[in-house]
Amino acid sequence: MNRNSVFLILIVLLLGLSLWVVLPPDGERLGKKGFQFGLDLQGGTHLVYQADLSKKDATMTDGQVMDSLVRKIEQRVNAYGTGDLQIAKQGDDKIVVDIPGVRDIDEAISLIGNVAILEVYEAIEKGEYVYNADGSYAYHPASGTLSDGSTTDTLTGKYLKSASVGLDSTTNKAVVQFTWNDEGAILFEQITTRNLNKYIAIYLDGVIISEAVVNSVISDVGMISGMEAKDCQNLAIQLNIGALDVPLEIIQRADVDATLGSDSLNKSLIAGIIGIIIVAAFMIYYYGVSGTIVAVSLAIYCSIVLAIYKLLPVTLTLPSIAGFVISVGMAVDANILIFERLKEELLAGRNLRYAIDEAFRRAWPSIRDSNIATFITCGILYWFGSSFGAFMVKGFAITLFIGVAVSMFSAILITRSFIKLLIGEGIIKGLSFREVKKNA
Amino acid sequence: MLDFVGKRYWFFLFSALLSLVCIVSLVLFGLKPGIDFRSGSSMTLSFEPPVSENDLRSVLAESGYGNAVVRHTSDDDYIIRMDELNADQNRNLLENINTKLATTTTQKDFSSSSEVVASNTVKYAAIAIVVASLCILLYISFTFRKMPKPFSWGICAIIALVFNVLVVAGIFSLLGKFADVEVDALFITGMLTVVGYSVHDTIVVFDRIRENLSHSSGSFENVVNSSIIQTIIRSLNTSLTILFVLVALFLLGGPTIRNFVLVLIIGCIAGTYSSICNASQFLIVVENKEYSRLNPFRKRNQGSLSEF
């Protein structure tokens, strides 16, 4: 068996492997699920939060605060059960959250972004109510003495042991029930003792959410009523995980409707397929037999690239589909370079086999040098995309890079092996370039 | 044999005029900043049953968004651009529209960005383009390091590249003025791709010049001319194949990436023109030190039009 046949067998194996990976598109292969699609193709929301690090605890570094924020957001989201969200730090003080699919975005936004500092407020001073100018109770943070008998502290969410959603037996409405830890229970007992038969309030992030009369001295448990059921669920999650270390602000948001997403996916896929078919037809028309070889290696090229997308996995976005399609153009370019070179060698009267070797050898520096320029831009695009969280830009850079890298391999190894094999085995006599025939 | 290099000053004249038009348009009209480059919100809404543009405007005004810009698209959707909305304001606005116009609104997309993001995008976009150009200058100088003046090869590639970027930006500035086309982060992505592609194309011609120089005794001009001729079919065919796929994407790929693909189409055409008519030709100017001829105000008796 000669070298060309070995190559051919390897290529066929590679093609088979790639096709097995790619098909069906949503099938699981080698532990990887189906193709991953970005928010612009499956619909969803992209959020960029800015953390206000000026409000951080001085004992923590910026990095610790950011890590803690990311962890807490993840926990909140996991507890909520939405799944497959992507959360990542961006730069020094930003967090990117990508929520795929359709769901109540506003609810998700408040679940993720609310700081959730719970505080118990009272409205008495020295046993008597104090009032604001408008006659309402002047609520202020309630404090007490801790178990060591000397430290005074206000009662906040940091003294919570757990929280859960329950049902108020009288109103039949959802409530948040919570349990204080040992120190919290000591504080709460002091507060409810001095506020017996008086109003106390629960504040969340500085806003009153519940107000009730203390009917008896309570120590370890409490209840927040008067909220909607879904808000109760969010609050219970937030209280269990703990307040965010610093406030967050949404500085960028992009929503894409799922219908628009799937519409874009279908349109761009059809456009891409038509584009590639036209390219193949052009190659066959212009370069004859060798153009047909290119069309075949192009098909192999596409299946290899798609298999890589599925295995890495690469998150496919609209621009990344464009990146793939452009890389097909680049892959063809390598072949065109070689064929134009081959024509010249043949016109110069070299024999076919020698001309083939010479064409590949001489076209290689151009292919290599020009593609390195594309690699450089891909690197810069990747940096650009990740420095401001543009998932679309990053996707484009990655697919273009993979596409161009595989195109070099495909042009040099696959196309050459095919041509040498077909010529070597005498299956085709020549490459039937028109200009060469004319001159012959 | 076709004489390309002999006509180089005609090419330069054309390139200079085109650049001038683009610069004038950029100075006069600038680029229309999209959502990534200025703070604010933008959304695409579709209504069932449909609503009239005037009704929509009046509801927006009633809701306190009188300065919102409303545009009716060909798909019977509305694109609305306004000051930055937060989640609550967005929800309230949609509810307002639904009640007042007795319709069901689908928010096909919504994007919003604050001042911080907008200024960061501008900053990073500028850095990305400058760094890309520098890297390419260094890379080409390195690749052609065995040539007598490696740096001038890099400079010529950069001149071609600046021309390409200028043409794309200029055309988008005209489109922004007359067709409301905005530039966004994808526009910058397209620009950087154009940078990469224009260099890709230029290097193929440069490589050929380098190869021919190594075994040719002719004048530099002749070597460049024959190199252009040897590579021109390849340049045109490659551009054609890339244009095939791009035009397919432009026509059929949906509205989200239409402007992005348009950047690539213009860049691809400009890049091919530039690699043949600018980059390699400038190499001759640098090699022969013909700088004085580039000065349009030079005295006639030193060089006449017939030399063109």
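What counts, and where the lines are drawn
Residues numbered from 1 in each chain as written. Chains lettered and ligands numbered in written order. Predicted model: local features only at pLDDT ≥ 70, side-chain atom pairs only at ≥ 80, totals over all residues. Helix = DSSP H or I, 4+ residues; strand = E, 2+ residues; numbered from the N terminus. Rg over C-alpha atoms; globule rule 2.2 N^0.38 Å. Buried ≥ 20, exposed ≤ 12 C-beta atoms within 10 Å, placed from the backbone. Pairing = 2+ DSSP bridges. Axes fitted to C-alpha atoms, helices over the stretch in contact; angles between N-to-C directions. Contact = placed C-beta atoms within 7 Å. Expected span 1.5 Å × (residues − 1). Bend = angle between axes of the 7 residues up to and from the residue. Nonpolar A, V, L, I, M, F, W, Y, C, P; charged D, E, K, R; others polar. Core = buried A, V, L, I, M, F, W, Y, C linked by C-beta atoms within 7 Å. Domains from an automatic or database assignment. Arc of directions from axis to C-beta. Parallel < 35°, antiparallel > 145°, perpendicular 65-115°, else oblique. Left-handed = near helix turned anticlockwise from the far one by under 90°.

Helices and strands together make up the secondary structure of chain A, namely eleven helices and 17 strands. In summary, chain A has a C-alpha radius of gyration of 33 Å against a globular reference of 22 Å for 440 residues, an excess of more than 25%. C-alpha atoms of chain A, sized along the principal axes, occupy 110 × 45 × 45 Å. Per-residue burial over chain A gives 43% buried out of 440 residues.

Attention shifts here to the sheet that holds strand β11 (residues 160–167) of chain A. All names here are of chain A. With antiparallel pairing, three strands are arranged side by side in an open sheet as β11-β12-β15. Of all the strands in the sheet, just β11 and β15 (221–224) have a single pairing partner and so form its edges. Along the sheet, successive strands turn relative to each other by an average axial angle of 25 degrees, direction set aside. Of the strands in this sheet, β11 and β12 (174–180) are in contact with helix α6 (residues 229–241), which crosses β11 at around 165 degrees.

Relative to the 80 Å expected for 54 residues at 1.5 Å per residue, helix α7 (residues 258–311) of chain A spans just 25 Å between its end C-alpha atoms, considerably shorter than the ideal helical length. Roughly 150 degrees is the biggest bend found in α7 of chain A, and it falls at G288 of chain A.

Residue and element names in this part refer to chain A. Here strand β5 (residues 118–122) lies mainly inside the structure; four of its five residues are buried. Of the pairings in the sheet, the one linking β5 to strand β13 (residues 199–204) comprises five bridges and is antiparallel in character. Within β13, the residue paired with E119 across the bridge is Y203. One ladder, built from two bridges, connects β5 with strand β8 (residues 140–141); its direction is antiparallel. Along β8, the bridge assignment pairs E122 with H140.

Before going further, it helps to examine the environment of V213 of chain A. All names here are of chain A. Mapped onto the elements, V213 comes out in strand β14 (residues 207–213). Considered as a pair, V213 and P247 are 34 residues apart in the sequence and their alpha carbons are 31 Å apart. Here V213 is in contact with N197, K198 and Y199, once residues within four sequence places are set aside.

Right, let's get into the interface of chain B and chain A. Opposite the 54 residues of chain B that make contact, chain A presents 58 residues. If you list the elements that add at least two residues to the side of chain B that touches chain A, you get α3 (87–101), β4 (104–113), α4 (115–143), α6 (185–214), α7 (220–252) and α8 (258–288) of chain B. The class makeup of the residues in the side of chain B that touches chain A is 29 nonpolar, 20 polar and five charged. With five bridges connecting them, strand β16 (residues 248–256) of chain A and β4 of chain B associate as antiparallel partners. The residue bridging A254 of chain A from the neighbouring strand is S111 of chain B, located in β4 of chain B.

Further remarks concern unusual backbone geometry. Following L23 of chain A, the chain continues into P24 of chain A via a peptide bond in cis, with omega recorded as -15 degrees. Assignment of secondary structure puts P24 of chain A in the loop between α1 (3–22) and β1 (36–37). The step from E48 of chain B to P49 of chain B runs through a cis peptide bond, and the omega angle for that step is -5 degrees. Tracing the chain through its elements places P49 of chain B in the loop between β1 (40–48) and α2 (53–62). Of note in the backbone geometry, A116 of chain A takes a positive phi value of approximately 70 degrees without being a glycine. Within the element layout of this structure, A116 of chain A appears in the loop between α4 (105–113) and β5.

Ranked by size, the top nonpolar core spans 183 residues in total, and within it A322 and V328 of chain A together with A157, V168 and V245 of chain B carry the most contacts. The biggest single contributor to this core is α7 of chain A, with 19 residues. If we ignore the near neighbours within four places in the chain, the residues touching V245 of chain B are G275, I276, V279, V325, I326, V328 and G329 of chain A. By size, the runner-up hydrophobic cluster in this structure holds 13 residues, among which are L56, Y78, L85 and I97 of chain B.

Residues and elements named next belong to chain B. Split into domains, chain B comes out as domain 1 (5–35 + 116–300) and domain 2 (40–113). Between the C-alpha centres of domain 1 and domain 2 the distance comes to 40 Å. If you look at the interface, domain 1 gives four residues, while domain 2 gives five residues. The residue makeup of the side of domain 1 that touches domain 2, split by class, is three nonpolar, no polar and one charged.

Moving on, we come to the sheet that holds β8 of chain A. All names here are of chain A. Sheet architecture is open: four strands sit in the order β8-β5-β13-β14, paired in antiparallel fashion. A single partner strand is all that each edge strand has here, and the edge strands are β8 and β14. Relative to β14, β13 is paired through six bridges, and the arrangement is antiparallel. Of the residues in β14, the one forming a bridge with I202 is S210.

On to the domain arrangement of chain A. Residue and element names in this part refer to chain A. Annotation of chain A at the domain level lists domain 1 (3–39 + 257–439), domain 2 (44–115 + 248–255) and domain 3 (118–241). One C-alpha centre belongs to domain 1, the other to domain 2; they are set 39 Å apart. With five residues of domain 1 at the interface, the matching set in domain 2 holds ten residues. For the side of domain 1 that touches domain 2, the per-class residue count stands at three nonpolar, two polar and no charged.

To continue, consider the environment of G16 of chain A. Along the chain, the position of G16 of chain A falls in helix α1. The spatial distance from the C-alpha of G16 of chain A to the C-alpha of A359 of chain A is 29 Å, given a sequence separation of 343 residues.

This paragraph deals with helix α5 (residues 182–194) of chain A. All names here are of chain A. Over its 13 residues, α5 extends 19 Å from the first C-alpha to the last, a length consistent with the 18 Å expected when each residue adds 1.5 Å. Listed as buried for α5 are G184, L187, F188, I191 and T192. Viewed along the axis of α5, the buried residues span an arc of 125 degrees, placing them on a single side of the element. In this structure, the buried residues of α5 make contact with β5, β9 (143–145), β11, β12, β13 and β15.

All right, on to the pairing of β4 of chain B then. The sheet contact formed by β1 of chain B and β4 of chain B spans nine bridges and is antiparallel. Bridge pairing in β4 of chain B places M43 of chain B opposite F110 of chain B.

Residues and elements named next belong to chain A. Remark: helix α3 (residues 62–80) packs on α6, axes separated minimally by 10 Å, with the N-to-C direction vectors making an angle of 140 degrees. Regarding the angle of α3 to α6, the classification is oblique. In this structure, the crossing between α3 and α6 has a hand that is right-handed. Touching K72, Q75, R76, A79 and Y80 of α3 are I237, Q238 and I241, all from α6. Split into classes, the residues belonging to the contact of α3 with α6 amount to four nonpolar, two polar and two charged.

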